[in-house]
Structures are given as C-alpha cells and as structure tokens.
Amino acid sequence: MVVESYVVVHNIAKRHNVGTLARSAAAFGVSELILVGRRDFNSFGSHGSTSHLRFRHFHSLLDARHFLKERDCDICGVEITDGAMAVNHHPFKKSTAFLLGNEGTGLSAKECEICDFFVYIPQYGGGTASLNVTVAASIVLHHFGVWAGFPERTRDGNKFIVAEKPEKQGKRNYCAETANAIIGERRSRRENASNGFFDESENGNSSSNLLDALFDDVKM
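Residues numbered from 1 in each chain as written. Predicted model: local features only at pLDDT ≥ 70, side-chain atom pairs only at ≥ 80, totals over all residues. Heavy atoms only, no water.

Considerations on the side chain of His-10
Among the secondary structure elements, His-10 is positioned in strand 1 (residues 5–10). Looking at His-10, its side chain comes within polar contact range of the side chain of Glu-111, at 2.5 Å. (Helix = DSSP H or I, 4+ residues; strand = E, 2+ residues; numbered from the N terminus. Polar contact = N/O pair within 3.5 Å; in protein donor to acceptor, adjacent residues only side chain to side chain.)

Re the environment of Glu-32
Turning to its location among the elements, Glu-32 is positioned in strand 2 (residues 32–36). For the pair Glu-32 and Phe-55, spaced 23 residues apart in sequence, the C-alpha to C-alpha distance is 5.6 Å. Apart from residues no more than four positions distant in its own chain, Glu-32 is found in contact with Ser-5, Tyr-6, Val-7, Arg-54, Arg-56 and Phe-67. A polar contact is formed between the side chain of Glu-32 and the side chain of Arg-54, at a distance of 3.3 Å. (Contact = heavy atoms within 4.5 Å.)

Structural notes on the packing of aromatic side chains
The description of an aromatic ring pair uses the distance of the two centres, along with the angle that the planes make with each other. The final tally for this structure, using the stated rule, is nine aromatic pairs. Ring geometry for Phe-92 versus Phe-98: centroids 5.8 Å apart, planes at 85°, classification edge-to-face. Look at Phe-92 and you get buried, because its relative accessible area is 6%. Ring geometry for Phe-92 and Trp-147: centres 5.8 Å apart, planes at 65°, overall edge-to-face. Placement of Phe-92 in the loop between strand 5 (85–86) and strand 6 (96–100) and of Trp-147 in helix 4 (residues 133–148) is noted, with a sequence separation of 55 residues between them. Grouping aromatic residues by their ring pairs yields a cluster made of Phe-92, Phe-98, Phe-117, Phe-144, Trp-147 and Phe-150. (Phe/Tyr/Trp six-rings, centres within 6.5 Å; stacked < 30°, edge-to-face > 60°. Buried < 20%, exposed > 50% of the residue type's maximum accessible area, 1.4 Å probe, protein only.)

A closer look at the pairing of strand 6
Counting buried residues in strand 6 gives five out of five residues, a clear majority hidden from the surface. Residues of strand 6 alternate between two faces, with Thr-96, Phe-98 and Leu-100 on one and Ala-97 and Leu-99 on the opposite face, all of them buried. For strand 1 and strand 6, the ladder comprises four bridges, and the chain directions are parallel. In the sheet register, Val-8 faces strand 6, and the bridge partner there is Leu-99. (Pairing = 2+ DSSP bridges.)

This is the structure in structure tokens:
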C-alpha cells in the first residue's frame, strides 16, 4: 500500500505562512499542497521549496474533500477537540490530508465537518496556548512520516541534498490549472453557491475573478 500525505491550506490569516508551510511540506514528504479559496499565495520563507511541490486548487472545502476521498485518503484536523488524539500516538491508518486551523481561531465549524478525525500536539510548558501554524504542521508531518516509514533523505555534510528543480514551472506564487479544470470549477461554483463552502478573497475579488484574469478566453 502506497501511503501519501497532503496539506490542506484554507483560511490561514497570514498569507506568508503558506511559503514557510510549503518548506515544511517539502521537507517531510508531502505529495501535494491543496489550496482552498484563494489561488494566489506568498512564497516568502519557502527557500525555493515551492518548486519541488505539487499544488492543487479547489474553490470549496467540499470539492477538496471529494478529491481526497476519491484517493481513499483520511482527512485529519489538527485541533484540540473532544476526542482528539495525541499526534505522538500515531493514530493513522492510511494516506492522510492534514487540515490546520486559522492561527487565531483554530478550525471553523465547516472545516471540522470535513474531517474524519483530529489530532493535537501535547505541550509541556505553560508559556503559550498554541503554536504557529507552520510549527504545528512541521511536528504533525514529521510524526506522520515516521509512522508511514518515509525514507530519510540523503545528507551531504550537515545538510540534506536538495533535488534538482523541475524544468517546467508555472506562474510564480500562483496555483495554475488546466482549462478543463477551470470550467469544471466554475460550473461547481454556480451549482453550489448557496452551500456556504465557497470562500472569497478580500475586497470582493473572488478566486474565480483571479481565474478569469488568466483564463478569459475559456468559454463554457
């Protein structure tokens, strides 16, 4: 059985956290980083790791969940909830996507709805109530990698060897998709606009408006 890990990025308050989150995802063997809502992101802090990750975009959490379930993937919320299990107990069974909450408010009710189970990170000091989203992701992804038996990367001296950058790269700081995917997502937005699972960016510029700027020649 091939085991993979995914990270779902949704409603993160500080956009530059996506860059540092991508760096941790690349370090711990994440297969794809899934953006929900806004398609653009700030790669600050990634140290080039975004070139080594696959990105995928969905307008809604329900669409992201459908994609993951088609791949027989559990969705794990990283949050202290009733019934949440300590991550160091490795309560994993198969490929898993990790959904981390907003830095200030944690996971929302609609985010919790798509999760199959929850893990939390035990703390042993009394100086803070929570961790930065990237720090939390790093800890959780490391534990999953240990459980899954991901092979350790080769080292050269005091650094790990970085793979060659892929030759083909899309627009920087933007999750690109095919025209067919764009058409499908537009149709999904129209059919499900009232379900409360779509997310709009600030100042009234929705992610589909960002889409239209790049794909204005795509017709239904």
